[in-house]
Amino acid sequence: MIIREMVADDIDNIKRLDYSLKSNKYYKVSKEGSSYKLEIKELGESHEEKYSIKLMDEKGKYTKTFLIEENERIFGYIEMLCTQHNNLLQIINLWVEEDVRQRNIGRKLVKSAKGFARFNKARGIIVQVENYNYPAIKFFIKEGFNICGLNEAAYDNKGLLNDRVEIDLLFDFK
């Protein structure tokens with residue numbers, strides 16, 4: 001497998017990836033005054049969601065996207081944005097095909113993001129993940145990220161998942 005920078009010809013293949021998520025746990029967020037409490041909770045049944053993810057910047061004018069492939073099959077990608085105001089690299093999208101998860105592909109993509117961030121002298125890397133995406137949060141924590149914030153207003157909180165919040169995770173180079 002190789003990791004390389006995305007080119008325009010890759011966009012259609014990235015759009016064809018299966019963007020589905022399965023989880024049987026989530027982070028329950030409760031607010032107590034000006035403090036928050038996070039608890040890992042079991043879902044009664046496995047939560048499945050199909051996302052309609054698209055690249056934020058298909059032309060790569062503002063973002064950098066690396067993909068991982070073998071024999072012309074794209075297994076996943078990571079899209080990143082260098083933010084000038086706080087000198088952090090932001091992971092916009094990270095996706096790995098379901099049939100190849102647990103094979104260190106996500107780890108390799110995050111490692112490439114860490115190298116890119118160091119090359120650009122970023123202070124760290126930040127990523128925002130929905131609290132129902134327990135596998136992603138668990139993955140980022142395993143990769144050395146720490147929870148650093150919450151955004152209660154990130155989702156409309158209507159429908160089945162009425163307590164959705166965004167959890168911010170930071171990898172600090174210090």
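This text goes with the structure placed above it.
A brief look at the structure comes next. (Residues numbered from 1 in each chain as written. Predicted model: local features only at pLDDT ≥ 70, side-chain atom pairs only at ≥ 80, totals over all residues. Heavy atoms only, no water.)

Attention shifts here to the layout of surface pockets. Empty space within the largest pocket amounts to approximately 1,300 Å³. As for the largest pocket, its lining consists of 39 residues, and the residues nearest its centre are Leu94, Asn133, Pro135, Ala136 and Phe140. Only strand E2 (20-32), strand E6 (88-96), helix H2 (105-119), strand E7 (124-130) and helix H3 (134-142) provide two or more residues apiece to the lining of the largest pocket. Class assignment for the residues of the lining of the largest pocket results in 19 nonpolar, 8 polar and 12 charged. (1 Å grid on protein atoms, 1.4 Å probe; cavity = no way out; pocket = protein on both sides within 12 Å on 5 of 7 lines; lining within 4 Å. Points joined across faces, edges and corners; volume = space filled by probe spheres on them. Helix = DSSP H or I, 4+ residues; strand = E, 2+ residues; numbered from the N terminus. Nonpolar A, V, L, I, M, F, W, Y, C, P; charged D, E, K, R; others polar.)

What follows is about unusual backbone geometry. The phi dihedral of Asn104 is positive, around 70 degrees, even though this residue is not glycine. Residue placement: Asn104 occurs in the loop between E6 and H2. Look at Asn104 and you get partly exposed, because its relative accessible area is 42%. (Buried < 20%, exposed > 50% of the residue type's maximum accessible area, 1.4 Å probe, protein only.)

As a further point, take the pairing of E7. Across the 7 residues of E7, 6 count as buried, placing the element largely inside the fold. Summarising the sheet, E6 and E7 pair through 4 bridges and their orientation is parallel. Residue pairing in the sheet places Ile91 in a bridge with Val127 of E7. You can see the chain leave E6, run along H2 and come back into E7, and the turn it takes is right-handed. Pairing between E7 and strand E9 (residues 166-172): 7 bridges, direction antiparallel. Note on E9: the bridge partner recorded for Gly124 is Asp172. (Pairing = 2+ DSSP bridges. Right-handed = clockwise from strand over helix to strand, strands pointing away.)

Quick look at H3 now. Along H3, the positions that sit buried rather than exposed are Tyr134, Ala136, Ile137 and Phe140. What you see down the axis of H3 is that its buried residues fit within an arc of 165 degrees, all on one side. Exposed and oriented more than 90 degrees from the buried face of H3 are Lys138 and Lys142. Residues of H3 that are buried sit in contact with E2, strand E3 (35-50), E6, H2, E7 and E9. (Arc of directions from axis to C-beta. Contact = heavy atoms within 4.5 Å.)

Let's shift gears to the environment of Leu43. Tracing the backbone shows Leu43 in strand E3. Placed 20 residues apart in sequence, Leu43 and Ser23 show a C-alpha to C-alpha distance of 8.1 Å. Not counting residues up to four positions away in its chain, the partners in contact with Leu43 are Ser23, Asn24, Lys25, Tyr26 and Tyr132.

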